[in-house]
Amino acid sequence: MKLKSKFDIFTALLVLLFFLVLASSFFINGYVYKKTEQLTNATREINFLVSLKTSLKQLEHYLWAYLADPVKEKRKQVKESMDRFYSLVGRTTDFKLNEDELRMIRYLRRNIERFSSLVNRILYSSEKGKAGVLFQGLRSELFEQVGKQIDEHWSEDVVKVDRASAAYYRAKKRMISFFVAAFVALVLAVISIRTTISRGIIKPISKISHSSRLMAKGALNNDIRISSNDELGELAGNFNSMAASLREKIGGLESSYQRGQRVVRELAILNEFIGYVSSETEFETVLHRFVGITSDLMKADLCSILVFPEDGSSLFICNEDIITEESIERLLLKRNEGPGSVLEKQKAIIYNAQEDGALSVDGIRNALVLPLISTIGLSAVLTVMNKNGGFDYDDEDSLFGFAFQAFQTIAFQNELARLAVTDGLTGLYNHRIFQERLAAEIRRAGRYKRKLFLVMLDIDYFKRFNDTYGHQAGDEVLRRIASTIKDNIRAVDFAARYGGEEFVIILPETDCDRAYKVAERIRQALENSPFQITDSSRVNITISMGISCFPHDTTDKEDLIKKADTALYFAKQNGRNRAVLYREMPVAEG
């Protein structure tokens, strides 16, 4: 019998067993689910009746206490208790009630307004005797009659819960018994399959494995001898044929050796470059090294790279000044392409003089253009030019193998360098970089006798906003404020996230009036642009700001921060949504 026939039989048996187990499991799970639903419904009925009874007893107790001592505090307790009973009676239930329970609930809902009116009359009756008569009527009709019904229904539901619980545990026992039986059946099936496979497959395969190991050691004349007529016998024959073919092709391996040497060289260069990238933090310096190594690897005269960061800008680097970004664009136009289309199609382009005629683009004789896209959003167009003999598809494979790995390393290292100095949520510089930059700016301002202003801002009522609208909305507010800050400061200014909902701005080379105007411009921009919570809901976001000045307020870095924080606290204490100069504070003046 062929192996395929054997496996078909085993497969059919396993499929049948699987479907039997699946169908039985579906039935058992459905049965258990049904009993669970019954138990859950009965439990919810009891909880509802207990809540109703408790609320009714509480209302009766507070009314009795009020009649004994009609003070305002006890009247309030009666009202609150009546409101809870009213809410409980009117609540939509998410479980099934029997007909008697539904009749009781309908009775309460029809008369709840009347009961509420009687309670109010008792509370506001000027005659104590009349209030007592009304209470006795309410007690007879509501507290005693309805309370008795609730007790009866509760007793019935306790019995229902006991029955449902017993049915549920019986169902669980059946389910466990079923799964134990299914497990035993599967174990027996596995043992049977293993025994058959060991006899008809494992032993022949062991022979093939032993002979193949001898072939791997070079004993290609060692034929595999298996007398079976199934696929394993055919496999042994194929191994013997393969050994014969290998004997014929060993001589061809010498040519492959040269190619292997080339791959080793590429890997060595790649490994060296990755080591360099991990120790160099300047992005442009890394790119210059990259185009130089790529040019050497491909044995070409020129190499350039046009990089496109996620912010929409571009950066062009070439190992020779004669090639510019415009040169690459004119080269791509020879095939009606551009950097964007090359990246979109993600397909390399080979330019050779015999195919494209005289290229006539800044001395470019031939070129290989390769799109590079990293997994973190950085993309680039790499162009290698002027190789003796031109480029072919082997060059394309070699360049792709090296450039792809190298570019991924560059992109990740650049991203790590960026994350080390920026806040991940807002994109502004982080607290550590702010401290370093402030110290440097203070030294520079002191050396050249210039002024330096520090603005510290905090979001008004931000904790309340987070509690109301959630932390995701709060994160969007932080991003919005960071964007507003970036839009309203100069290139020489420095903005950072100080921590939590606090931001700081360093304003060098400016005066007090302009520093205050910058702070006010940011504050007004946020105040006049409500934050969109939903399609129909907008919330005004305001900030408070404190401003300190070097050297007018202090010459010490920590004290400069402290005084900006003091001015911020003063703004918070005096109405919020304002900017305050430390020098104009009453404490500062005094």
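Please refer to the structure placed before this passage.
Rules used throughout
- Residues numbered from 1 in each chain as written.
- Predicted model: local features only at pLDDT ≥ 70, side-chain atom pairs only at ≥ 80, totals over all residues.
- Heavy atoms only, no water.
- Helix = DSSP H or I, 4+ residues; strand = E, 2+ residues; numbered from the N terminus.
- Buried < 20%, exposed > 50% of the residue type's maximum accessible area, 1.4 Å probe, protein only.
- Contact = heavy atoms within 4.5 Å.
- Phe/Tyr/Trp six-rings, centres within 6.5 Å; stacked < 30°, edge-to-face > 60°.
- Pairing = 2+ DSSP bridges.
- Expected span 1.5 Å × (residues − 1).
- Polar contact = N/O pair within 3.5 Å; in protein donor to acceptor, adjacent residues only side chain to side chain.
- Axes fitted to C-alpha atoms, helices over the stretch in contact; angles between N-to-C directions.
- Parallel < 35°, antiparallel > 145°, perpendicular 65-115°, else oblique.
- Left-handed = near helix turned anticlockwise from the far one by under 90°.
- Nonpolar A, V, L, I, M, F, W, Y, C, P; charged D, E, K, R; others polar.
- 1 Å grid on protein atoms, 1.4 Å probe; cavity = no way out; pocket = protein on both sides within 12 Å on 5 of 7 lines; lining within 4 Å.
- Points joined across faces, edges and corners; volume = space filled by probe spheres on them.

S.K.: Tell me about the overall build of the protein, residues and numbers included.
M.R.: Each helix and strand in the protein was counted, giving 17 helices and 12 strands. Per-residue burial for the protein yields a buried fraction of 41% across its 590 residues. Look at the contacts in the protein between residues 6 or more apart in sequence, and 66% of them connect residues 24 or more apart.

S.K.: Lay out the packing of aromatic side chains in plain terms, naming residues and giving numbers.
M.R.: Evaluation of the coordinates by the stated rule reveals 10 aromatic pairs. Ring centres 6.2 Å apart and planes at 25° place the aromatic pair Phe290 and Phe402 in the stacked group. Placement of Phe290 in helix 7 (residues 283-298) and of Phe402 in helix 11 (residues 393-421) is noted, with a sequence separation of 112 residues between them. Taken individually, Phe290 and Phe402 each receive the classification buried, so the pair is uniform in this respect. Ring centres of Phe462 and Phe465 lie 6.4 Å apart, and the angle between their planes is 5°; on these two criteria the pair is classed as stacked.

S.K.: How would you explain the pairing of strand 4 (residues 367-373) if you had to name every residue and give the values?
M.R.: Within strand 4, six of the seven residues are buried, leaving the element largely enclosed by the surrounding structure. Of the strand pairs in this sheet, strand 3 (residues 349-351) and strand 4 are connected by three bridges, and their pairing is antiparallel. Bridge pairing links Ile349 to Val369 in strand 4. Pairing analysis gives seven bridges linking strand 4 to strand 5 (residues 379-387), with the strands arranged antiparallel. Among the inter-strand pairings, Leu368 is bridged to a residue of strand 5, identified as Val384.

S.K.: Quick one: what's the story with helix 11, residue by residue and with numbers?
M.R.: The end-to-end C-alpha distance of helix 11 is 42 Å, a good match for the 42 Å that 29 residues give at a rise of 1.5 Å each. Three or more residues of helix 11 are buried, namely Asp395, Ser398, Leu399, Phe402, Ala403, Ala406, Phe407, Gln408, Thr409, Ile410 and Ala411. Capping of helix 11 at its N-terminal end is provided by Asp392; its side-chain oxygen lies 3.2 Å from the backbone amide nitrogen of Asp394.

S.K.: Kindly report on the packing of helix 7 against helix 11, identifying the contributing residues and their values.
M.R.: In helix packing, the relevant descriptors are the interaxial angle and the interaxial distance, both defined with respect to the helix axes. Two elements in contact, helix 7 and helix 11, have axes separated by 11 Å at closest approach and are oriented at 165°. As far as their axial angle goes, helix 11 and helix 7 are roughly antiparallel. Remark: the crossing between helix 7 and helix 11 carries right-handed chirality. In this structure, helix 7 contributes Phe283, Val286, Leu287, Phe290, Ile293, Thr294, Leu297 and Met298 to the contact, and helix 11 contributes Asp395, Leu399, Phe402, Ala403, Ala406, Ile410 and Asn414. Of the residues that constitute the contact of helix 7 with helix 11, the class distribution is 12 nonpolar, two polar and one charged.

S.K.: Now, about unusual backbone geometry: what can you tell me, with residues and values included?
M.R.: The amide bond that connects Phe550 to the next residue, Pro551, takes the cis arrangement and shows omega of 5°. Within the element layout of this structure, Pro551 appears in the loop between strand 11 (543-550) and helix 16 (557-573). Positive phi values are uncommon outside glycine, yet Lys299 reaches one of about 55°. As for its placement among the helices and strands, Lys299 is situated in the loop between helix 7 and strand 1 (300-308). In this model, Asn577 sits at a positive phi of 50°, which is unusual for a non-glycine residue. Along the chain, Asn577 turns up in the loop between helix 16 and strand 12 (579-581).

S.K.: Tell me what's going on with the pairing of strand 5, and back it up with residues and numbers.
M.R.: With nine of its nine residues buried, strand 5 lies for the most part within the structure. Relative to strand 5, strand 1 runs antiparallel, the two sharing eight bridges. Bridge pairing in strand 5 links Phe308 to Ser379. The antiparallel pairing of strand 4 with strand 5 creates a hairpin that spans five residues between the two strands, and Gly377 there sits at a positive phi of about 105°.

S.K.: Report on the sheet that holds strand 11, specifying residues and quantitative values.
M.R.: If you trace the five strands from one edge of the open sheet to the other, you get 7-8-6-11-12, paired in mixed fashion. Each end of this open sheet is capped by a strand with a single partner; those strands are strand 7 (494-499) and strand 12. The mean inter-strand angle of the sheet, taken between neighbouring strand axes irrespective of direction, is 20°. As judged from the five bridges shared by strand 7 and strand 8 (residues 502-508), these two strands associate in the antiparallel manner. Bridge pairing in strand 8 places Phe494 opposite Ile506. Strand contacts of helix 12 (residues 431-447): strand 6 (452-459), strand 7, strand 8 and strand 11, with the helix running at about 135° to strand 7, the strand carrying the most contacts.

S.K.: Could you give an account of the sheet that holds strand 2 (residues 315-318), with specific residues and numbers?
M.R.: Spatial strand order, 2-1-5-4-3: five strands in an open sheet with antiparallel pairing. Unpaired on one side and paired on the other, strand 2 and strand 3 mark the two borders of the sheet. With strand direction ignored, the average angle separating the axes of adjacent strands in the sheet is 15°. The pairing of strand 1 with strand 2 spans four bridges and is antiparallel.

S.K.: Describe the environment of Phe407, naming the residues involved and giving the relevant values.
M.R.: Summarising the element assignment, Phe407 is placed in helix 11. For Phe407, a relative accessible area of 1% translates into the label buried. In this structure the C-alpha to C-alpha distance between Phe407 and Ile274, which are 133 residues apart in sequence, comes to 9.7 Å. Residues contacting Phe407, with those up to four places away along its chain left out, are Ile305, Leu372, Ile373, Ser374, Leu378, Ser379 and Ala380.

S.K.: Which residues make up empty space enclosed by the protein, and what values go with them?
M.R.: Within this structure, the stated rule accounts for two cavities of 30 Å³ or more. Estimates place the volume of the second largest cavity at around 30 Å³. In terms of lining, the second largest cavity is formed by Val477, Arg480, Ile481, Leu526, Ser529, Phe531 and Ile541. Grouping the constituent residues of the lining of the second largest cavity by class yields five nonpolar, one polar and one charged.

Just geometry here; none of it tells us what the structure is for.
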